[in-house]
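Overview (structure and organization)
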Amino acid sequence: MGLVVIMFFFGLAGGVVGRMKGSSFFVWFLISGLIPFFGLLAAVCYRWEDRELRRQCPGCGRVVKLHDTMCTRCGTDLDFPAVAIASEESVRHRLAASRPPG
Ligand SMILES: [Zn+2]
């Protein structure tokens, strides 16, 4: 019984960390619950999805992650681009900063 409780709380912590990083709560809940400690560690070390730079696919115009080597929509091979699109997080910050106070 004790183990189930431990797994649940590790799952919860991993899920929250995963969600914070723009990933799926449920996926990280499962990973961290099934592999207590190491799953949580993986969630903590996992890259921040919404802090990744992005770029636009030249084939179909889809915005993909900068580190993607192939477009997930049209399959175009993507070279490392000269121009990157700002990450979602920095766009949010800019919007928040441009909003008038109050
Ligand atoms: Zn494409």
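This text follows the structure it describes.
Residues numbered from 1 in each chain as written. Predicted model: local features only at pLDDT ≥ 70, side-chain atom pairs only at ≥ 80, totals over all residues. Heavy atoms only, no water.

A separate point is the overall build of the chain. In terms of helices and strands, the chain carries 4 helices and 2 strands. Taken from the N to the C terminus, the helices and strands of the chain come in the order α-α-α-β-β-α. Relative to a compact globule of 102 residues, whose C-alpha radius of gyration would be 13 Å, the chain shows 18 Å and is clearly more extended. Seen through its principal axes, the chain has C-alpha atoms that stretch 55 × 45 × 20 Å. Here the chain holds 102 residues, and the buried ones make up 25% of them. When contacts within the chain are restricted to residue pairs at least 6 apart in sequence, long-range pairs at least 24 apart make up 37% of them. Entry remark: accessible area of the chain is about 7000 Å², with carbon and sulfur atoms responsible for 67%. Averaging the coordinates of the 12 positive side-chain charges in the chain and doing the same for the 8 negative ones gives two points 6 Å apart. (Helix = DSSP H or I, 4+ residues; strand = E, 2+ residues; numbered from the N terminus. Rg over C-alpha atoms; globule rule 2.2 N^0.38 Å. Buried < 20%, exposed > 50% of the residue type's maximum accessible area, 1.4 Å probe, protein only. Contact = heavy atoms within 4.5 Å. Areas by Shrake-Rupley, 256 points an atom, 1.4 Å probe, with all protein chains shown as cover. Lys, Arg positive; Asp, Glu negative; His and termini not counted. Charge placed at Lys NZ, Arg CZ, Asp CG, Glu CD.)

A word on the coordination of the zinc ion. Each protein donor to the zinc ion is listed here as Cys57 (SG), Cys60 (SG), Cys71 (SG) and Cys74 (SG); together their distances run 2.3 Å. Around the zinc ion, the 4 donor atoms are arranged such that angles at the metal cover 106 to 114 degrees; this shape is classified as tetrahedral. The sequence pattern describing where the donors of the zinc ion fall on their chain is C-x2-C-x10-C-x2-C. Residue cysteine 74 is classed as partly exposed on the basis of its relative accessible area of 38%. (Donors = N, O, S within 2.8 Å, 3.2 Å for Na, K, Ca; no water. Tetrahedral: all angles 85-135°; square planar, octahedral: opposite > 155°, others 65-115°.)

Bringing the packing of helix α1 (residues 2-20) against helix α3 (residues 38-45) into the picture now. Where α1 contacts α3, the two axes come as close as 9 Å, and the packing angle between them is 10 degrees. It follows that α1 is roughly parallel to α3 by the angle criterion. Mapping the contact onto sequence places Phe10, Ala13, Gly14 and Val17 in α1 and Leu40, Ala43 and Val44 in α3. Of the residues that constitute the contact of α1 with α3, the class distribution is 6 nonpolar, 1 polar and no charged. (Axes fitted to C-alpha atoms, helices over the stretch in contact; angles between N-to-C directions. Parallel < 35°, antiparallel > 145°, perpendicular 65-115°, else oblique. Nonpolar A, V, L, I, M, F, W, Y, C, P; charged D, E, K, R; others polar.)

Looking now at the environment of glycine 22. Along the chain, glycine 22 turns up in the loop between α1 and α2 (25-34). Of the residues examined, glycine 22 reaches a relative accessible area of 38% and is grouped as partly exposed. Linking glycine 22 and methionine 7, residues 15 residues apart in sequence, is a C-alpha distance of 22 Å.

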